[in-house]
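What the coordinates show
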Amino acid sequence: MLYPQNSLTRRMVDLSGFWQIHFDETQSGRFEAGFEGGEMIAVPASWNDQIAGRRDYLGIAWYQTEFALPWGWRGQRIFIRFNSVNYLAEVWLNGVRLGEHEGGHLPFIFEITDHVRDQGNTLVLRVDGELAADRVPPGQIAGKENITFGAANFPDTTFDFFPFCGIQRPVLLYCIPQTAITDITVVTEIDGTAGIVSVQTAHTPGEGFTTRCTIQGHSTFQTGEGENGSTTLSIPNAALWSPQAPNLYALTVELMYDGAPVDSYTLEIGIRTIKVDGDRLLLNGEPVKLLGFGRHEDFPVIGRGLMPALIIKDYGLMRWIGANSFRTSHYPYSEQMMQLADQLGFLVIDETPAVGLFFQEPGLDRRSQLCQQYIRELIDRDKNHPSVIMWSLANEPHTSTPEARRAYDSPNFTVIEHSSQPAAVEAFREQAALARALDPTRPITLVSWEGAVEESWQFVDVICFNRYNGWYQQSGRIETGVQRLSHEIDVIHARFPGPFIMSEFGADTIPGHHADPPEMFSEEYQAELLSQYIAMLNSKPFVVGQHIWNLCDFKTAQGVIRMGSYNYKGIFTRDRRPKMAAHRVRQLWTGQTESD
Ligand code: GCU
């Protein structure tokens, strides 16, 4: 899905700003043509923290805004694009229903050419933020004990972050020519010192059109049938893309008719390769090690809303600490975040919104359909980013059978053959096959907590493992926990050989709380636990990545294990102040000390 842009043939305006919202607790209202007396609300941003009294409201809310069609757009094809609305959105323009989309964090568009007026357009959304067992991420199964944490939390999530709702990223109005480029897919290879750029394009139906692709003045024409074409450009002495040197090239695709461009789209591309080779992960043919974090898009007042200054701040923190990568836990991040990953040189494990999955009824089929929808939408959105090196199908699905869990957690640590629920294995077999079919160029992973009993790791290329030994297990005993984990990692690697990433490890830490000797929740304990994990992980050649959980403290649902409804495992506070562990990790990852 191409991101709207201003070019010789295209225009885009951002409808961000102050809209109106009406909270419809009784779900009685029908406000498709607009409503009177709504409250003011900022878009983009979640509604939970910005509107008084609405923190825990996950029900129905109606949004509306007015806009005029920019001068000169009439005669073009006109669209509206929602970059993220969580959770379910239904959209009307001037009282005409445009359609709906389920799932936050991924964009969706509607064509409005035939419905948009020159003046006085009323855009209305009905947004539903409810948690439910047949949604992804799911709510709990009503009447059953909390599948994630022993004690119930509120709101009743199966995941460990606050379920912020609303129009959380920009809404864009844009126009394209009547015959236009509709898709571009770029795949890069390296041949000696040359970069090989394969470009596939698609355009809206029309006879007599050709497509010209240009990089650095070097042009070539597509060959192919009708609306779909492909070509390959060879860039001599190519400047490759990597975290150390995030070189980008401008690829311009022009749709030509009678020798003149009728549409033009420019895409920033990076020439790089990513491959698994035995136990190694190779970037541009060289082993690469991922140092970084699991994160969240989370900040006071805006909730999960887009805030460009926060993106800049967080990349600055990661650069300062020596990180070169992150995972988009537990949902796709904003397109602005992804564009900067390309420009600044960060390696991204790009994760779908599938977190907290379970494989019992109710809702199993619907959850599987949604997971596949999200894989399609995520790959369609992010397939051309050089920074994206891996797709993550899900985070911590609850897949193991009870007996497998008991055997695995027992002191003698046995792994039984059929350790995952058959429905889980089938679901991930299908999802892995779908991801590979859509993008055969990138490795895929499944981020699991289940350990060596996670049968679905047979379908992936890289093992991503979350573990909290020394915190939830072997609490207060870091050495014991790290020893146990070291053994567990060897067992996993024996069963699932290949590159291994410790995708989560950490400890809740109250800023300013100290203890000597270290004890849980103190800054000393977090720094010591991370130090011992990093030393152990560095001792294993097949461990190609270490992602600390989390970069920053973040908001969660209320629950007895989340004081103040925060997860305090950040090595920075929620307002981005460093804890002791930030300095310790910087020293471990860069060799820099505080005085440097
Ligand atoms: C899990 C989960 C995270 C959660 C973390 C924790 O591994 O993936 O979303 O926040 O544990 O309990 O801190």
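Residues numbered from 1 in each chain as written. Predicted model: local features only at pLDDT ≥ 70, side-chain atom pairs only at ≥ 80, totals over all residues. Heavy atoms only, no water.

Quick look at the site of the ligand
Among the 13 residues in the neighbourhood of the ligand, the closest are listed as Asp160, Glu396, Tyr472, Glu504 and Lys569. Glu396 has a polar side-chain atom sitting 2.4 Å from an oxygen atom of the ligand. Side-chain polar atom of Trp549 to an oxygen atom of the ligand: 3.0 Å apart, as the coordinates give it. Protein chains bury 94% of the 320 Å² of accessible surface belonging to the ligand in isolation. Grouping the amino acids of the shell around the ligand by side-chain chemistry returns four nonpolar, four polar and five charged. (Near = heavy atom within 4 Å. Polar contact = N/O pair within 3.5 Å; in protein donor to acceptor, adjacent residues only side chain to side chain. Areas by Shrake-Rupley, 256 points an atom, 1.4 Å probe, with all protein chains shown as cover. Nonpolar A, V, L, I, M, F, W, Y, C, P; charged D, E, K, R; others polar.)

Examining the domain arrangement of the protein chain
Here the protein chain is described as being made up of domain 1 (11–176), domain 2 (181–269) and domain 3 (274–590). Between the C-alpha centres of domain 1 and domain 2 the distance comes to 35 Å. (Domains from an automatic or database assignment.)

Structural notes on the environment of Ile478
Structurally, Ile478 is set in helix 6 (residues 478–495). For Ile478, a relative accessible area of 5% translates into the label buried. The sequence separation of Ile478 and Ile274 amounts to 204 residues, and the corresponding C-alpha distance is 35 Å. (Helix = DSSP H or I, 4+ residues; strand = E, 2+ residues; numbered from the N terminus. Buried < 20%, exposed > 50% of the residue type's maximum accessible area, 1.4 Å probe, protein only.)

Let's talk about the sheet that holds strand 13 (residues 181–191)
Taken in spatial order, the three strands of this open sheet run 13-14-17, and their pairing is antiparallel. Each edge of the sheet is formed by a strand with only one pairing partner; in this case those strands are strand 13 and strand 17 (228–235). Adjacent strand axes in the sheet meet at a mean angle of 15° when their direction is disregarded. Summarising the sheet, strand 13 and strand 14 (residues 194–203) pair through ten bridges and their orientation is antiparallel. Paired with Val186 across the two strands is Val199, which belongs to strand 14. (Pairing = 2+ DSSP bridges. Axes fitted to C-alpha atoms, helices over the stretch in contact; angles between N-to-C directions.)

Structural notes on the sheet that holds strand 19 (residues 260–269)
Here four strands make up an open sheet; going across it, the order is 16-15-18-19 and the pairing antiparallel. Whereas interior strands pair on both sides, the edge strands pair on one side only; in this sheet they are strand 16 (218–221) and strand 19. Strand-to-strand twist in this sheet, taken as the mean axis angle between neighbours without regard to direction, amounts to 20°. One ladder, built from nine bridges, connects strand 18 (residues 249–257) with strand 19; its direction is antiparallel. What sits directly across from Val253, in strand 19, is Tyr265.

A closer look at empty space enclosed by the protein
Enumeration according to the criterion identifies five cavities of 30 Å³ or more in this entry. Reported here for the largest cavity is a volume of approximately 150 Å³. Lining the largest cavity are 19 residues, with Asn86, Tyr87, Pro137, Phe159 and Pro163 positioned closest to its centre. Counting contributing residues, the lining of the largest cavity receives three or more from each of domain 1 (11–176) and domain 3 (274–590). Each pocket or cavity is described by its volume, and for the second largest cavity that value is around 100 Å³. Around the second largest cavity, the lining comprises 14 residues; the ones closest to its centre are Glu297, Gly305, Leu310, Ile311 and Met337. (1 Å grid on protein atoms, 1.4 Å probe; cavity = no way out; pocket = protein on both sides within 12 Å on 5 of 7 lines; lining within 4 Å. Points joined across faces, edges and corners; volume = space filled by probe spheres on them.)

Observations concerning the packing of helix 1 (residues 308–321) against helix 2 (residues 335–344)
One way to put it is that helix 1 packs onto helix 2 with a least axis distance of 11 Å and a crossing angle of 40°. Classified by the interaxial angle, the pair formed by helix 1 and helix 2 is oblique. As helix 1 packs across helix 2, the resulting crossing turns out to be right-handed. Across from Ile311, Ile312, Tyr315 and Arg319 in helix 1, the residues of helix 2 making contact are Gln336, Met337, Leu340, Ala341 and Leu344. Partitioned by chemical class, the residues of the contact of helix 1 with helix 2 number seven nonpolar, one polar and one charged. (Parallel < 35°, antiparallel > 145°, perpendicular 65-115°, else oblique. Left-handed = near helix turned anticlockwise from the far one by under 90°. Contact = heavy atoms within 4.5 Å.)

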